[in-house]
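# Commentary on secondary and tertiary structure
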Amino acid sequence: MSSPAPSPLSPAAWPRGSRRPSWLSDPKVLRTEVLAGLVVALALIPEAISFSVIAGVDPAIGLFASFTMAVTIAVVGGRPAMISAATGAVALVIGPLNREHGFGYLVAAVILAGVFQIALGALGVAKLMRFVPRSVMVGFVNSLAILIFVAQVPEMHDVPWPVYPLLAAGLALLVFLPKVSKVIPAPLVSIVVLTVITVAAGIAVPTVGDKGDLPSSLPVPGLPDVPFTLETLRIVAPYAFAMALVGLMESLMTAKLVDDITDTHSDKTRESIGQGIANIVTGLFGGMGGCAMIGQTMINVRVSGARTRLSTFLAGALLMVLCVVFGPVVSDIPMAALVAVMVMVCFATFDWHSIAPKTLKRMPAGEITVMVVTVACVVTTSNLAIGVVVGSITAMAIFAKRVAHLADVTSVTDPDGTQVVYSVTGELFFAASNDLVCRFNYAADPDKIVIDLSAAHIWDTSSVAALDAIETKYAQRGKSVEIISLNEPSARIHKNLSGELTGGH
């Protein structure tokens, strides 16, 4: 297991070859990180409250979770600048537990989910990310953009008419302000300007305060109010394991996306373990748990330009400051301002190149299918994990079918008719093994058969069993088979398993 990360304020956390972290030695970086953290903190408030409603808990619970998740993951996580907080996916998983058994069981599930995530991280679950194809990743990104936009639709439907000009003004500021100056993040300017306008003019529009009451004090640690029995474990374990898987899936996919945006590498194993630690801390403080948030991460990384752990730390810390100290002011922020920010995040997140006609004409049909399946599953279920799993399985099935067709068999009979040589080319695995058995002329071939595998590779037991079946069919007709020219790995698996899979020839 990776050792706990040092505090972002300690010298151990500073870049190699530097006595100070970049945000401490460069005022521009510090300003970017601080302002990015402030923008994310503002955007987190309505999201956390909404996710609390989904989970069926008090709004303060979601805000506490966002605070503890962000602050903790800033220290122990493996992907700098990624935002972790209370999320809708986690709320959907553990919401039924809260409704059926009560809040104490929800908290117990969050803590147990953290334990599961630490165990999965230590076992190397992050390494499975290399099996996620690019087409699934593109589908993941596009479906996220769609889900983020869909989540904003209720805030634009059946609302007072002033919401629409405010939304348009916010979008205009977000689009055009960066062309003039990037000193202050456009989202922050947009939020401040629209808030001042609505308060000064007394415009009645939905605000952050309409989502629920903000907490007036910091959370305090404690153990969940549940009996510590095997029955409790039986109840919470399934929810905890599901939460652990969904949280890791979203977090690792988001980390990979940030890696691509920033052209940097992050420690996925450390991130997996860090997510577990953050959820344990969150549970002990009575939060609803969470994972990486794609929307807020895009605000932080792509829109605001943050690159260090400081922005993540400040997003959580400033969230509590805003709620506890500036609650009345924050409550007056019009939802239109935050919706405008999230709409721009959707636009920036969506991979428009992936659906361009020129791209679609050149892309293999299988790749397009995988991307569409991933998007369809995520949008239909609102569950990113299901979409990624189904998309990856679809990609594997298409790949297996494609590779299976590459296996080929050709034969040459000696002029004297005493021997036939079959040349097998391609990858031999379960998808190609059934077809392989049918490619030999058992009745008409001469008494000696040579199977040349110099241009083939044996991958699994199905292929060995197929070769055994071929030898058996020839032996039943009194003919001998010689298999030649196997490469070293193929020869090893064939030697170990031939004749052992069906009890002999």
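None of these values were measured; they are calculated from a predicted model.

Calculation notes
Residues numbered from 1 in each chain as written. Predicted model: local features only at pLDDT ≥ 70, side-chain atom pairs only at ≥ 80, totals over all residues. Heavy atoms only, no water. Helix = DSSP H or I, 4+ residues; strand = E, 2+ residues; numbered from the N terminus. Buried < 20%, exposed > 50% of the residue type's maximum accessible area, 1.4 Å probe, protein only. Contact = heavy atoms within 4.5 Å. Areas by Shrake-Rupley, 256 points an atom, 1.4 Å probe, with all protein chains shown as cover. Lys, Arg positive; Asp, Glu negative; His and termini not counted. Charge placed at Lys NZ, Arg CZ, Asp CG, Glu CD. 1 Å grid on protein atoms, 1.4 Å probe; cavity = no way out; pocket = protein on both sides within 12 Å on 5 of 7 lines; lining within 4 Å. Points joined across faces, edges and corners; volume = space filled by probe spheres on them. Nonpolar A, V, L, I, M, F, W, Y, C, P; charged D, E, K, R; others polar. Core = buried A, V, L, I, M, F, W, Y, C linked by side-chain atoms within 4.5 Å. Pairing = 2+ DSSP bridges. Disulfide = S-S within 2.5 Å.

### Remarks on the overall build of the chain
If you tally the helices and strands in the chain, you get 20 helices and 6 strands. The C-alpha extent of the chain, read off along each of the three principal axes, is 100 × 60 × 55 Å. Per-residue burial over the chain gives 52% buried out of 505 residues. For the chain, contacts bridging at least 24 residues in sequence account for 83% of all contacts bridging at least 6. Carbon together with sulfur atoms contributes 64% to the accessible area of the chain, which is approximately 22800 Å² in total. Of the charged side chains in the chain, 32 are positive and 34 negative, and the gap between their average positions amounts to 8 Å.

### Quick notes on empty space enclosed by the protein
One pass over the structure, following the stated rule, counts 1 cavity of 30 Å³ or more. In this structure, the largest cavity occupies an estimated 40 Å³ of space. Lining the largest cavity are Ala407, Asp408, Val409, Val424, Ala432, Asp435, Leu436 and Arg439. Only β3 (408-413) and α18 (430-437) provide two or more residues apiece to the lining of the largest cavity. Ranked by residues supplied to the lining of the largest cavity, first place goes to α18 with 3 residues. Considered class by class, the residues forming the lining of the largest cavity number 5 nonpolar, no polar and 3 charged.

### Comments concerning the nonpolar core
In this structure, Ile45, Leu63 and Met288 are the most contacted members of the largest nonpolar core, which totals 106 residues. What Leu63 contacts, discounting residues up to four positions off in sequence, is Ile45, Ala48, Ile49, Leu214, Pro215, Leu319, Met320 and Cys323. One finds Ala407, Leu436, Ile451 and Tyr474 within the second-largest nonpolar core, a separate group that totals 24 residues.

### Regarding the layout of surface pockets
When its volume is computed, the largest pocket comes out at roughly 760 Å³. For the lining of the largest pocket, a count of residues per class yields 23 nonpolar, 7 polar and 4 charged. Forming the boundary of the second largest pocket are 24 residues, of which Pro178, Lys182, Ala186, Arg302 and Val303 lie nearest the centre. At 5 residues, the largest contribution of residues to the lining of the second largest pocket is made by helix α7 (residues 163-180).

### Some points on the side chain of Glu155
Mapped onto the elements of the fold, Glu155 is located in the loop between α6 (134-152) and α7. Assessed through its relative accessible area of 16%, Glu155 is described here as buried. For Glu155, the contacting residues outside a window of four places in its chain are Val163, Lys211, Met335 and Val339.

### Quick notes on the pairing of strand β4 (residues 419-428)
In terms of strand pairing, β3 meets β4 through 6 bridges, oriented antiparallel. Its bridge partner lying in β4, Val409 is registered against Val424. Where β3 hands over to β4, the hairpin turn is made up of 5 residues, of which Gly417 adopts a positive phi near 75°. As judged from the 9 bridges shared by β4 and strand β5 (residues 448-458), these two strands associate in the parallel manner.

### A look at the state of the cysteines
Per the stated rule, a full pass over the model turns up 0 disulfides. Summary of cysteine pairing: Cys291 is not part of a disulfide, and the nearest cysteine sulfur, belonging to Cys346, is at 17 Å. Overall, Cys291 belongs to the buried group, its relative accessible area being 0%. Cys323 carries a free sulfur, and the closest cysteine sulfur to it, the one in Cys291, is 20 Å from it.

### Some details on unusual backbone geometry
Phi at Asp158 takes a positive value of approximately 55°, unusual for a residue other than glycine. Structurally, Asp158 can be placed in the loop between α6 and α7. Its relative accessible area of 72% is what places Asp158 among the exposed residues. If you check the backbone angles, Ser485 has positive phi at about 60° while not being a glycine.

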